[in-house]
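# An overview of the molecular structure
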Amino acid sequence: DNASSLGELFALEGHSVKVVHNGCDAIEAYVNTAYDVAFMDVMMPGMNGVESFLQIRKLRPEARVYMMTGYSVEELLQQALRGGALGVLEKPFDAGEVLRLSASVGAGIVIADPVHCQGHAGQSIQRAFADKGIHSRLVSRREDIPANIAADEILVLDAPMQVIDGVSTYQAAYSAGHRAATFIVPRKPAAGTGTDPPFRDVFVTGILNKPFDPLLLLARLPDLAA
């Protein structure tokens, strides 16, 4: 009902809309059509939203997909990584904290909080490793991940990606044999993204937390689909 109502609202404003109710149909919709933007619930029958998102990205790497969920970001990422360890790193941070987290997570990711990160946080994390004689690779796009990435090489996934984009990039690295810690440093909220928490955070995470006002989503649609 929520999906149909949201689709009707978009259609009334002149948008071309397709509504589907499971992950497989969402993937099928992208086979022949490049949509401007998709809003996908995490919990769906059969294939869930996270798994569907990753399949859609394989079909169309440029696809703009936003997750809709009542879960916290941490819960969503834990599900996306199927049990991978998770930590949160807020700036200011020191080299010791970076090293402690990277050692504790093992095969998994660490999120650097975009609200607290100022400047080039990805470069700061990389320098912290370099100061300790540890090699890491700074990555801003999936295409930057080489096919022969070392299994124990630390990745630092830097802005302008969103958290959900970072998850997709991490999955690409995992498929290439990467098993060491990965740091995702998502972009900071852009000026003018609003003070309503769901619509402030979606620009950073790619995750729209429920409940939200559909009319506010409609107002933000041009920015989200840009």
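Residues numbered from 1 in each chain as written. Predicted model: local features only at pLDDT ≥ 70, side-chain atom pairs only at ≥ 80, totals over all residues. Heavy atoms only, no water.

### A closer look at the side chain of S168
The residue S168 is located in helix α7 (residues 163-175) in this model. Judged by its relative accessible area of 1%, S168 is buried. Contacts of S168, omitting those with residues within four sequence positions, involve F53, L54, R57 and R142. (Helix = DSSP H or I, 4+ residues; strand = E, 2+ residues; numbered from the N terminus. Buried < 20%, exposed > 50% of the residue type's maximum accessible area, 1.4 Å probe, protein only. Contact = heavy atoms within 4.5 Å.)

### Observations concerning the confidence of the model for the protein chain
Averaged over the protein chain, the pLDDT score is 78; the fraction of residues at 70 or greater is 77%. When mean pLDDT is compared element by element in the protein chain, helix α2 (residues 23-32) scores highest at 93, while strand β3 (residues 85-89) scores lowest at 57. (pLDDT = per-residue confidence, 0-100.)

### Some points on the side chain of S52
Inspection of the secondary structure assignment puts S52 in helix α3 (residues 49-59). A polar contact of 2.8 Å, which involves the side chain of S52, links it to the backbone oxygen of N48. With near-sequence residues (within four places) excluded, S52 lies in contact with G23, I27, M40, M44 and M47. (Polar contact = N/O pair within 3.5 Å; in protein donor to acceptor, adjacent residues only side chain to side chain.)

### Structural notes on the pattern of salt bridges
Evaluated as defined, the whole model comprises two salt bridges. Where K210 meets D41, a salt bridge forms, and the shortest distance between an N and an O atom there is 2.5 Å. Of this pair, K210 sits in the loop between β8 (207-209) and α9 (214-225) while D41 sits in strand β1 (residues 38-41), placing them 169 residues apart in sequence. Between D165 and R57 there is a salt bridge, and its shortest N-O distance comes to 2.5 Å. Here R57 lies in helix α3 and D165 lies in helix α7, a separation of 108 residues in the sequence. For the pair D165 and R57, one class covers both residues: buried. (Salt bridge = Lys/Arg side-chain N within 4 Å of Asp/Glu carboxyl O.)

### Here's the deal with the packing of aromatic side chains
By the definition in use, this model includes five aromatic pairs. Here the aromatic rings of F39 and Y66 are separated by 5.8 Å at their centres, their planes lie at 25°, and the arrangement is stacked. Of this pair, F39 sits in strand β1 while Y66 is found in strand β2 (residues 65-69), placing the two residues 27 residues apart along the sequence. Each member of the pair, F39 as well as Y66, carries the same accessibility label: buried. The structure contains a cluster of three or more aromatic residues connected by ring pairs, namely F10, F39 and Y66. (Phe/Tyr/Trp six-rings, centres within 6.5 Å; stacked < 30°, edge-to-face > 60°.)

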